[in-house]
There are 2 protein chains.
Amino acid sequence: MATALASDLNTVTLGAPLALDSGKSLANVEIAFETYGELAEDKSNAILIFHALTGDQYVAKTHPITGKPGWWDRMVGRGKPIDTSCFHVICANVIGSCLGSTGPATPAEDGQPWGMRFPVITIRDMVRAQVALLDALGIETLHAVVGGSMGGMQALSFAANFPGRTERVLAIATTARHSAQNIAFHEVGRQAIMADPEWHGGDYYGGTGKGPEKGLAVARMAAHITYLSEQGLTEKFGRQLQDREAKSFGFDADFQVESYLRYQGISFTDRFDANSYLYITRAMDYFDLAEEHGGMLADAFKDAGDTRFCVVSFDTDWLYPTSESRNIVHALNAVAAPVSFVELSAPFGHDSFLLECPALDRVVKGFLG
Amino acid sequence: MATALASDLNTVTLGAPLALDSGKSLANVEIAFETYGELAEDKSNAILIFHALTGDQYVAKTHPITGKPGWWDRMVGRGKPIDTSCFHVICANVIGSCLGSTGPATPAEDGQPWGMRFPVITIRDMVRAQVALLDALGIETLHAVVGGSMGGMQALSFAANFPGRTERVLAIATTARHSAQNIAFHEVGRQAIMADPEWHGGDYYGGTGKGPEKGLAVARMAAHITYLSEQGLTEKFGRQLQDREAKSFGFDADFQVESYLRYQGISFTDRFDANSYLYITRAMDYFDLAEEHGGMLADAFKDAGDTRFCVVSFDTDWLYPTSESRNIVHALNAVAAPVSFVELSAPFGHDSFLLECPALDRVVKGFLG
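Residues numbered from 1 in each chain as written. Chains lettered and ligands numbered in written order. Predicted model: local features only at pLDDT ≥ 70, side-chain atom pairs only at ≥ 80, totals over all residues. Heavy atoms only, no water.

Colleague: How would you sum up helix H4 (residues 213–227) of chain B? Please name residues and give values.
Modeller: The end-to-end C-alpha distance of H4(B) is 21 Å, a good match for the 21 Å that 15 residues give at a rise of 1.5 Å each. Of all the 15 residues making up H4(B), 13 are buried; the element is thus mostly covered by neighbouring parts of the structure. (Helix = DSSP H or I, 4+ residues; strand = E, 2+ residues; numbered from the N terminus. Expected span 1.5 Å × (residues − 1). Buried < 20%, exposed > 50% of the residue type's maximum accessible area, 1.4 Å probe, protein only.)

Below, the structure is given as structure tokens:
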């Protein structure tokens, strides 16, 4: 179970209930967010960054639980591609998550944690919550929305559902709909969590148990493989052994890749809530931007006007391969939206958007102007 | 936990202890096997088929637990590509498995199930056991060895370690070494099993519990995704909903692909032992035919003489992609072994070798003569 957060969270409590795609609504929604750089007096320089599945608002600040640098520290800051000496960057924790925004671990009206009583949310619901945050902050039009992976889904959903509220949309390593394979991998993770007897139907908060840590670690391990390329894994680990000269003929982590994955799984449980993992993966699996707009993806963008789009994919990303980006670009072309598209070459698979990729830096800097 | 097997198993008990790569040895090894078609008087028409990770000796006979047709029923039989009206087909359950051959569920010398006291085995150990079976059957030289996936690894290992004992080697959808990604997926499965409190350190036999069924189901689900292509999953399931008109906004199996995977996971636990899954995946991860032969794959085949090889890959197999087959072929070319190689086009991913693929039928029939 995630460690308790520090109390110096920046939050806004939404004044009105948040209407959800499920037909339900959420009252007293809290949105935790961080900002970077000064907002211009005319409020024209704001960029909203959407985070990915296990990301958070600590884009370029030390993570309060892990103590590690922000997840996009290399991209956001003074003199960096998203330059906080000119731009005011906002990043909010998505609803359903566990870094301060309302989610399954936060108290429901009865004072008890929501647990699995929390309503199932969608990517559009996450976006609605962040638009409500912008309203609360008095920001009408953004310079840009930016996101990678699930952040890219939110960027596309924002463009489709709130046309006119951003001048630019930068969608990186993402898709307009979750494929059967995407859903399948997420379902493995959910079943791993739910199979853990410590899950207790999602009602594990406040007890003496540690929650479904083992199940969550397995879920993270399975997902983590999909974030890396086969080539990247081979280059990084190959069949190298971990701190030993020969195979142990046992079930310890003989291979470096095993040791690495086990560490990824275990360390994840320190910073993330298993129920949040269930809800956010569900939201991603439900995502199908075309379906929300009568089955035609182009129709999602028909009101986009002169909003400029930039779509970026990576050649080694097999989670959301270039073909998915191409679908988005075709839809934008069909409504004559101004769009640039590039497939970058990087060895790291889906995670390329988070890692050292100078070509991405140039694309981001150039597009944001 | 797998249901008890019927008592009409065909088994041979090896007369001598089986030496293992770990340095240990196994006494009183039982090998369960099935045969199909008559053995010629001069014993010249025998084909040894090696099964894959979760396969068994019931190639073309009804499975004793599931009641389903044999796993390669479409390939093996009278008038089929591996024609039992001319060939005598032998298929043995690998050691470490759970369909009658010695494995973690069988009694050790103290009469208690081996459990995790069973020695870690390798692909070569599996092959050694089957060569001992051939010796027991009095078959010196095979017409062919044939295998797909882990069966292909055994076929290659047989050729490398027992040159001269087969005239032909047919290796389908396989690899000469497990990649970091291959190891990573197996490690997820093993961690899922070991995370299940019903695993009890492998000591779950004979109790009232059902063993680590939930962990084994998750392991199977994760592995199953790797057996299918993204394209195949999309064609078969796409984002179609399961028995409902609209999303449930819950955590039931809304999507057909979820329902399918859950079924694959659960039904697997009826026929397979979790400890066997641990041992066999470990054997596959340890497999590196080049490493066994001084680091040069070509050296593995330097004594192959005039043994003929046929290597088959599938264009949508991302578990053991065509590049892995190409490595094998390059090594065979380097020692001037007679080898034919074909990449077949089939939509089913790695599982193509088990499914309807007429081109494979023609290759198999043609190669075996």
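Colleague: Describe the interface of chain B and chain A, with residues and values.
Modeller: Taken together, the 53 residues of chain B in the interface contact 53 residues of chain A. Carbon and sulfur atoms make up 69% of the area that chain B and chain A hide from each other, which totals about 4,700 Å². Broken down residue by residue, the surface that chain B buries against chain A is led by B:Arg239, B:Phe249 and B:Phe251, which jointly contribute 18%. Taken together, the connections running from chain B to chain A amount to 12 salt bridges. Secondary-structure elements contributing two or more residues to the side of chain B that touches chain A are helix H3 (180–195), H4, helix H5 (230–236), helix H6 (256–271) and helix H7 (274–286) of chain B. When residues of the side of chain B that touches chain A are assigned to their parent elements, the largest contribution, 12 residues, is made by H3(B). (Contact = heavy atoms within 4.5 Å. Buried area = accessible area lost by both parts, 1.4 Å probe. Salt bridge = Lys/Arg side-chain N within 4 Å of Asp/Glu carboxyl O.)

Colleague: Break down empty space enclosed by the protein for me, citing the residues and quoting the values.
Modeller: Here the structure, examined in full by the defined rule, presents 3 cavities of 30 Å³ or more. If you add up the space inside the largest cavity, you get close to 100 Å³. Residue lining of the largest cavity: 13 residues in total, with A:Ala192, A:Ala195, A:Asp196, B:Ala192 and B:Ala195 positioned closest to the centre. Of all the elements in the fold, those that place two or more residues in the lining of the largest cavity are helix H3 (180–195) and helix H4 (213–227) of chain A together with H3 and H4 of chain B. (1 Å grid on protein atoms, 1.4 Å probe; cavity = no way out; pocket = protein on both sides within 12 Å on 5 of 7 lines; lining within 4 Å. Points joined across faces, edges and corners; volume = space filled by probe spheres on them.)

Colleague: Help me get a handle on the packing of H3(A) against H4(B), residues and values and all.
Modeller: Between H3(A) and H4(B), whose axes approach to 10 Å, the crossing angle comes to 170°. What the angle tells us is that H3(A) and H4(B) run roughly antiparallel. Listed contacts from H4(B) to A:Gln181, A:Ala184, A:Phe185, A:Glu187, A:Val188, A:Gln191, A:Ala192 and A:Ala195 of H3(A) are B:Lys214, B:Val218, B:Met221, B:Ala222 and B:Ile225. When the residues that make up the contact of H3(A) with H4(B) are grouped by side-chain class, the tally is 9 nonpolar, 2 polar and 2 charged. (Axes fitted to C-alpha atoms, helices over the stretch in contact; angles between N-to-C directions. Parallel < 35°, antiparallel > 145°, perpendicular 65-115°, else oblique. Nonpolar A, V, L, I, M, F, W, Y, C, P; charged D, E, K, R; others polar.)

Colleague: Tell me about the packing of aromatic side chains, and name the residues and values.
Modeller: Residues and elements named next belong to chain B. As enumerated under the stated definition, the model contains 32 aromatic pairs over all chains in all. Both rings, one in Phe50 and one in Phe158, keep their centres 6.1 Å apart while their planes meet at 55°; by these two values the pair is tilted. A residue pair is termed long-range when its members are at least 10 positions apart, and Phe50 in strand S5 (residues 46–50) and Phe158 in helix H2 (residues 150–161) qualify at 108 residues. For Phe50, a relative accessible area of 1% corresponds to the buried category. Residues Trp71 and Trp72 carry aromatic rings whose centres are separated by 5.5 Å and whose planes lie at 15° to one another, so their mutual orientation is stacked. The class for Trp72 is buried, based on a relative accessible area of 1%. (Phe/Tyr/Trp six-rings, centres within 6.5 Å; stacked < 30°, edge-to-face > 60°.)

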